[in-house]
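# Chain and residue survey
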Amino acid sequence: MEMENSNGSSLQVQPLSSQNVGTLFNSVEAFIFDCDGVIWTGDKLIEGVTETLEMLRSKGKKLVFVTNNSSKSRKQYAKKFCSLGVPVNEDEIFSSSFAAAMYLKVNKFPKDKKIYVIGQEGILEELELAGFKGLGGPEDGKKHIEPKSNCHFEHDKDVGAVVVGIDHYINYYKLQYATLCIRENPGCLFIATNRDATGPMSASQEWPGAGCMVGAVCGSTQKEPIVVGKPSTFLMEFLLQKFQIGTSKMCMVGDRLDTDILFGQNAGCKTLLVLSGITSLSALQDPSNNIKPDYYASKVADILKFLED
């Protein structure tokens with residue numbers, strides 16, 4: 001398939017096939033997989049994933065799972081993989097909830113400062129594991145405010161960072177708390193786990209993603225966040241440290257052009273787009289799209305199918 005980029009030059013996007021799968025397979029030592037829309041949709045495993053991952057492991061390939069979904073911690077994701085019959089170690093999982101905690105750790109965030117969370121338990125758990133004190137999260141989803149004239153909203157002056165991720169219990173209380181911390185606490189950091197517009201929370205529909213919550217806080221604070229999830233390459237530093245494999249020998253497999261594929265390209269990885277999640281073939285072929293993967297396939301199991309051919 002040929003595409004044109006923004007300056008009109010032709011770009012080749014190869015469908016994965018039995019003719020070229022060997023070239024990809026032999027040049028890669030580690031496969032990095034997104035999860036939602038690639039490994040599963042909602043709580044349903046995508047057909048052929050287990051067999052494909054088993055084959056890759058048996059051939060000595062390293063497997064890594066990098067997800068922008070911050071609702072779970074690495075430990076919780078390991079449990080989900082296990083419940084779906086896919087054996088994955090916790091240290092093979094890199095979530096944006098983990099990335100937020102690691103960003104604070106790497107940048108020596110003071111242990112006596114607190115972090116306010118718009119998000120779910122995954123972020124709070126990773127912050128705790130990293131030795132930080134988190135506030136907010138699901139608990140504040142139960143709180144309500146009714147603005148009245150001369151009403152004064154109290155917030156903790158010791159909050160030194162606000163982390164915003166996917167939050168199924170977003171409300172006005174949380175938005176006000178985060179806004180006051182960022183605007184009024186000197187030097188308060190504004191960190192976004194990711195800016196995905198939507199997420200496949202169920203097999204049949206897309207739902208508002210973390211980008212919706214992040215956008216609300218951007219609007220009220222007039223500030224832009226530090227983004228730690230894909231397409232930012234922050235997590236790649238941890239992958240390189242752990243696996244000691246050059247990015248040219250890694251392949252990023254994902255279902256989103258603007259996060260997964262861009263993440264892989266920014267880091268210098270090979271890229272494979274699968275059409276089992278957010279991105280459709282028509283979106284890939286759209287003339288306005290200038291993010292092109294090296295390869296595309298209908299689903300992860302095509303790797304196994306074409307190798308067997």
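Rules of the game
Residues numbered from 1 in each chain as written. Predicted model: local features only at pLDDT ≥ 70, side-chain atom pairs only at ≥ 80, totals over all residues. Heavy atoms only, no water. Pairing = 2+ DSSP bridges. Helix = DSSP H or I, 4+ residues; strand = E, 2+ residues; numbered from the N terminus. Contact = heavy atoms within 4.5 Å. Axes fitted to C-alpha atoms, helices over the stretch in contact; angles between N-to-C directions. UniProt positions renumbered as here; feature names shortened; annotations may be inferred. Buried < 20%, exposed > 50% of the residue type's maximum accessible area, 1.4 Å probe, protein only. Salt bridge = Lys/Arg side-chain N within 4 Å of Asp/Glu carboxyl O. Core = buried A, V, L, I, M, F, W, Y, C linked by side-chain atoms within 4.5 Å.

Here the focus is the sheet that holds strand β11 (residues 159-164). In sheet architecture, strand pairing relies on hydrogen bonds along the backbone and comes in two forms, parallel and antiparallel. Across the sheet, which stays open at both edges, the 5 strands sit in the order β10-β9-β11-β12-β15 with parallel pairing between neighbours. Two strands lie at the open edges of the sheet, namely β10 (133-136) and β15 (226-227), each paired on one side alone. Alignment of strand β12 (residues 189-192) against β15, held across 2 bridges, turns out to be parallel. From the neighbouring strand, I191 faces β15, where its bridge partner is I226. Strand contacts of helix α4 (residues 96-106): β9 (114-118), β11, β12 and β15, with the helix running at about 145° to β12, the strand carrying the most contacts. Helix α7 (residues 210-221) rests against β9, β11 and β12 of the sheet, and its axis sits at about 155° to β12.

What follows deals with the UniProt feature "binding site: substrate" (unreviewed entry) in the chain. Here, UniProt's "binding site: substrate" (unreviewed entry) annotation points to K230. On the secondary structure map, K230 appears in the loop between β15 and α8 (234-243). Take K230: its relative accessible area is 2%, and that puts it in the buried class.

As a further point, take the pattern of salt bridges. Under the criterion given, the structure shown has 13 salt bridges. Put simply, D43 and K80 hold a salt bridge, and the shortest N to O gap is 3.3 Å. Taken together, the residues D43 in the loop between β5 (40-41) and β6 (44-45) and K80 in helix α3 (residues 74-83) connect sequence positions 37 residues apart. Among the charged side chains, a network of salt bridges with common partners joins D34, K230 and D260.

Counting 36 residues, the largest nonpolar core has I32, F94, L104, I115, L127, M236 and L239 as the members making the most contacts within it. Here this core takes 7 residues from α4, the largest share from any one element. Counting 34 residues, the second-largest nonpolar core is a separate cluster that includes F25, V49, L63 and V88.

With that settled, the discussion passes to the environment of V86. Mapped onto the elements of the fold, V86 is located in the loop between α3 and β8 (93-95). Placed 37 residues apart in sequence, V86 and V49 show a C-alpha to C-alpha distance of 8.5 Å. Those residues in contact with V86 that lie beyond four places of it in its chain are L45, T50, L53 and F81.

A few words on the sheet that holds strand β18 (residues 295-297). Spatially, the 7 strands line up as an open sheet ordered β3-β18-β17-β16-β4-β7-β8, and their pairing is parallel. Two strands lie at the open edges of the sheet, namely β3 (14-15) and β8, each paired on one side alone. Sheet analysis places strand β4 (residues 30-33) next to strand β16 (residues 250-254), joined by 4 bridges and oriented parallel. Bridge pairing in β16 places F33 opposite V253. Contacts from helix α2 (residues 49-58) reach β4 and β7 (62-67) within the one sheet, and its direction differs from that of β7 by about 135°. Its contacts with the sheet place α8 against β4, β7, β8 and β16, and it is angled at close to 165° to β8.

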